Amino acid sequence: MTATTPTAIPLRALTSRRSFKFLRAPAPKPDELEQILQAAMSAPDHGALRPWRFVVIQGEAIGKLADVALDAVKRSGDPRMTPEKEKSVREWMASVPLFIGVAQKIAHGNTKIPEHEQLLATGCAVMNILNATHMLGYAAFWSTGVGTYVEDVQNALGLDSLDYRFLGYLAIGTPGCAVPPANRPNFREFVSEWTGPV
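Residues numbered from 1 in each chain as written. Predicted model: local features only at pLDDT ≥ 70, side-chain atom pairs only at ≥ 80, totals over all residues. Heavy atoms only, no water.

Peer 1: Residue-level account of the nonpolar core, with values.
Peer 2: Residues Met-93, Phe-99 and Tyr-169 are the most contacted members of the largest nonpolar core, which totals 27 residues. Among the elements that make up this core, the one with the highest residue count is helix H3 (residues 60-75) (seven residues). Grouped together as the second largest cluster of nonpolar side chains are 19 residues, Ile-36, Ala-43, Val-126 and Ala-132 included. (Core = buried A, V, L, I, M, F, W, Y, C linked by side-chain atoms within 4.5 Å. Buried < 20%, exposed > 50% of the residue type's maximum accessible area, 1.4 Å probe, protein only. Helix = DSSP H or I, 4+ residues; strand = E, 2+ residues; numbered from the N terminus.)

Here is the structure:
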């Protein structure tokens, strides 16, 4: 990576990141994946509970995930899982070289840190993963499909629903097609300055 590439400047990398659903190989190399996952550890985390949990799914395990998740969705009675939809999801998953399951560990014994702060910490860890992925020249997509809200899928990933809140998957790889830059709003639409009581 040279000093002239857009992602060489961290702030430009943050503002140029966007989601890519259609991905292909290659995925990050093992040492790059370690860097990406380590970046998650820098998320703000009240009480140092480290509530985030990640499950790496790659290679032949992706096909197994597709079988487990799609079968569970069909058993759940979801009418959206038509044969056409199932075919489309299987083709999409087969093209993605790496998935990371995302979950928040429920701190049952915690009486100090509100649960929503733990959820926010997990979201921040995911954002660090997305940014690190982009900075290394790859792309990602946070999906809450593929049975995210079906308990059998969560349990199959080793994330017992009594102890974890499953939050979906990060699909990671190389962009499968050209996508224009995202049209971002001006921050001024969402910011005000407070100078004292109203």
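Peer 1: Report on the environment of Cys-124, specifying residues and quantitative values.
Peer 2: With respect to the helices and strands, the residue Cys-124 is situated in helix H5 (residues 115-135). For Cys-124, a relative accessible area of 28% gives the class partly exposed. Expressed as a C-alpha distance, the spacing of Cys-124 and Asp-45, which sit 79 residues apart in the sequence, is 8.7 Å. Setting aside chain neighbours within four positions, we find Cys-124 in contact with Ala-43 and Pro-44. (Contact = heavy atoms within 4.5 Å.)

Peer 1: Could you give an account of the pattern of salt bridges, naming the residues involved and the relevant values?
Peer 2: Considering all chains together, one arrives at nine salt bridges under this definition. The partner of Asp-78 in a salt bridge is Arg-80, and the shortest N-O contact between them spans 2.8 Å. Judged by relative accessible area, which is 64%, Arg-80 ranks as exposed. Note that Arg-165 is salt-bridged to Glu-115, the shortest N-O span being 3.3 Å. One end of the pair, Arg-165, is in strand E5 (residues 164-175); the other, Glu-115, is in helix H5, and 50 residues separate them in sequence. Among the residues examined, Glu-115 registers a relative accessible area of 35% and is labelled partly exposed. (Salt bridge = Lys/Arg side-chain N within 4 Å of Asp/Glu carboxyl O.)

Peer 1: Can you tell me about the environment of Ala-66, naming the residues and giving the values?
Peer 2: In this fold, Ala-66 is placed in helix H3. Classification of Ala-66 as buried rests on a relative accessible area of 4%. With 21 residues separating them along the chain, Ala-66 and Lys-87 place their C-alpha atoms 11 Å apart. Residues in contact with Ala-66, not counting those within four places in the same chain, are Asp-71, Arg-90 and Met-93.

Without other data, these values stay purely geometric and don't point to any function.
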